[in-house]
Amino acid sequence: MAENEKENEKNDRKKTNIPALEWFFAAVGLILVVGVLGFLIYHAIIDKGTPPNLNVKIDSIVQRENGFLVKFVIENTGDETAADVNVEGELKKGAETIETSGVTVDYVPSHSEKKGGLFFKEKSGGFEIELHAKGYNTP
Amino acid sequence: MFLAIPLLTGLSYFIGFEETSYFPDDVIDAFVAYTVGFVTSGVMLYLFGVLNFVEDSPDVTIGKIAIQAVIAAIGAMLAQSQLGASGDEEEKEKESGSKKKRRTKYGGELFLMAVGALFLAMSPAPTEEIILISYKMSVLHFISLVLLSIILMHAFVYKVEFRGQESRKPAESSAWSVFLRYTVVGYALVLLISLYLIWTFGHTEGMSAENIVKAVVVMGFPAALGAAASRLIL
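Before going into details, it helps to say that this report is about the structure given with it. (Residues numbered from 1 in each chain as written. Chains lettered and ligands numbered in written order. Predicted model: local features only at pLDDT ≥ 70, side-chain atom pairs only at ≥ 80, totals over all residues. Heavy atoms only, no water.)

Regarding the packing of aromatic side chains
In step 1: Tallied over the full model, the rule gives five aromatic pairs over all chains.
In step 2: Their ring planes at 40° and their centres at 5.1 Å tell us that Y107(A) and Y135(B) sit as a pair that is tilted. Of the two residues, Y107(A) sits in strand β4 (residues 96–108) while Y135(B) sits in helix α6 (residues 129–136), which places them in two different chains.
In step 3: By relative accessible area, which is 11% here, Y135(B) ends up buried.
In step 4: Between the NZ or CZ atom of R181(B) and the centre of the ring of W23(A), over which it lies, the distance is 5.8 Å. (Phe/Tyr/Trp six-rings, centres within 6.5 Å; stacked < 30°, edge-to-face > 60°. Helix = DSSP H or I, 4+ residues; strand = E, 2+ residues; numbered from the N terminus. Buried < 20%, exposed > 50% of the residue type's maximum accessible area, 1.4 Å probe, protein only. Lys NZ or Arg CZ within 6 Å of the ring centre and 35° of its normal.)

Here's what the structure looks like:
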């Protein structure tokens, strides 16, 4: 029994000699966790809670057999996330709107961007395309 | 889909850790588990009508099964280690005269936490819900969630007297030392795994760093519980 206890004690003492590697991991882990917390707190301070600010930009226009595909990037520069964003595209020749097309983007998170596309049936060229967000929901 | 390869490697290590058999055996076991997972997932997904051979391309079908199979394979491994544990452990105890051997390795502990985190977080990871929840939360919620995750993790494994608990915690090493070396490292691991999962399932595209961190924290909650519980289950 006494021998056993002695051995246990020995084992215990051995374990208190914590390898440097474990402390290295602990340090890296601590930096990561504190970093995440700090990052969140930092954003809590700088975010002013501005409402969604949505800009729709044309990414590229692809010609298809039966019309055009207008790929777009929608960007939210506000501090709040917008849901169900209604993107509308107008195909204009001069002041006249020839065709409209639309799509709903599920979510555009704050300070982030999402991609989408709109189809138009018009085949002839020489037009202008105007894209804009019509509205959103809060998530 | 490319998730399966590192996972499979991990699984083989995991088995190697549970059962003290030699390495090629572990690799074979890993493949067996993945095969079992693949077949089971295929059958279940088909039964639930998720597989649509007419509309989906073969790529999509295989992809669906392959991802589901990863979770199923970990489940298969767990079952194996759970059911095989009693006999094995006794035997091992006789052999080495100590059952602690298996639990004392630091790297092994971390690996178990990683597997537990993956196992619990894999199920919600492909869904949209994790991201949606993160949209609804305020920064205060996030900070609270981080703290709660850490507290729960710590409580789970070190404070609550539980089966499989790390009972040989040396009295001399302070609570802070254990907290730093296990809980904090464990949570950091959980965050990295969450990031990996969220990235794998394409939730990071076009997202700002802030939103990615938030999604990671939300994902990290189930992952943290999985990591903490893994040391009790596995």
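A short note on the sheet that holds β4(A)
Residue and element names in this part refer to chain A.
In step 1: Taken together, three strands build an open sheet; the order of strands is β4-β3-β6 and the sheet is antiparallel. A single partner strand is all that each edge strand has here, and the edge strands are β4 and β6 (128–137). Neighbouring strand axes in the sheet, compared pairwise and without regard to direction, differ in orientation by 20° on average.
In step 2: Bridge count between strand β3 (residues 82–93) and β6: eight bridges; the pairing is antiparallel. If you follow E88 over to β6, its bridge partner there is H132. (Pairing = 2+ DSSP bridges. Axes fitted to C-alpha atoms, helices over the stretch in contact; angles between N-to-C directions.)

Digging into the nonpolar core
In step 1: L40(A), V146(B), M153(B), Y187(B), V190(B), L197(B) and V217(B) are the most contacted members of the largest nonpolar core, which totals 60 residues.
In step 2: Of all elements in the fold, only α2 (20–46) of chain A together with α2 (23–47), α3 (58–96), α5 (106–122), α6, α7 (139–159), α8 (175–200) and α9 (209–233) of chain B reach the threshold of two or more residues within this core.
In step 3: Of all the elements, α8(B) adds the most residues to this core, at twelve residues.
In step 4: Ignoring any residue separated from it by four or fewer positions in sequence, one finds Y187(B) in contact with V33(A), V146(B), S149(B), I150(B), M153(B), V217(B) and A224(B).
In step 5: In terms of nonpolar packing, the next biggest core, distinct from the first, is built from 17 residues, F68(A), V70(A), L118(A) and I129(A) among them. (Core = buried A, V, L, I, M, F, W, Y, C linked by side-chain atoms within 4.5 Å. Contact = heavy atoms within 4.5 Å.)

Focus on the interface of chain B and chain A
In step 1: Contact with chain B, which involves 35 residues of that partner, is made by 30 residues of chain A.
In step 2: A combined buried area of about 2,900 Å² lies between chain B and chain A, and 74% of that area is made up of carbon and sulfur atoms.
In step 3: Together, Y135(B), R181(B) and E210(B) form the three largest contributors to the area buried by chain B at its contact with chain A, with a combined 20%.
In step 4: Where chain B meets chain A, there are one salt bridge.
In step 5: With its nearest N and O atoms 2.6 Å apart, the salt bridge here joins E22(A) to R181(B).
In step 6: Remark: the boundary between chain B and chain A carries seven residue pairs in polar contact (both at pLDDT 80 or more).
In step 7: When residues of the side of chain B that touches chain A are assigned to their parent elements, the largest contribution, nine residues, is made by α8(B). (Buried area = accessible area lost by both parts, 1.4 Å probe. Salt bridge = Lys/Arg side-chain N within 4 Å of Asp/Glu carboxyl O. Polar contact = N/O pair within 3.5 Å; in protein donor to acceptor, adjacent residues only side chain to side chain.)

Thoughts on the environment of T97(A)
All names here are of chain A.
In step 1: Mapping T97 onto the fold places it in strand β4.
In step 2: T97 sits 45 residues away from P52 along the chain, and the two C-alpha atoms are 27 Å apart.
In step 3: Once residues within four sequence positions are removed from consideration, T97 is found in contact with E90, L91 and K92.
In step 4: Side-chain polar atoms of T97 contact the side chain of E90, separated by 3.3 Å.

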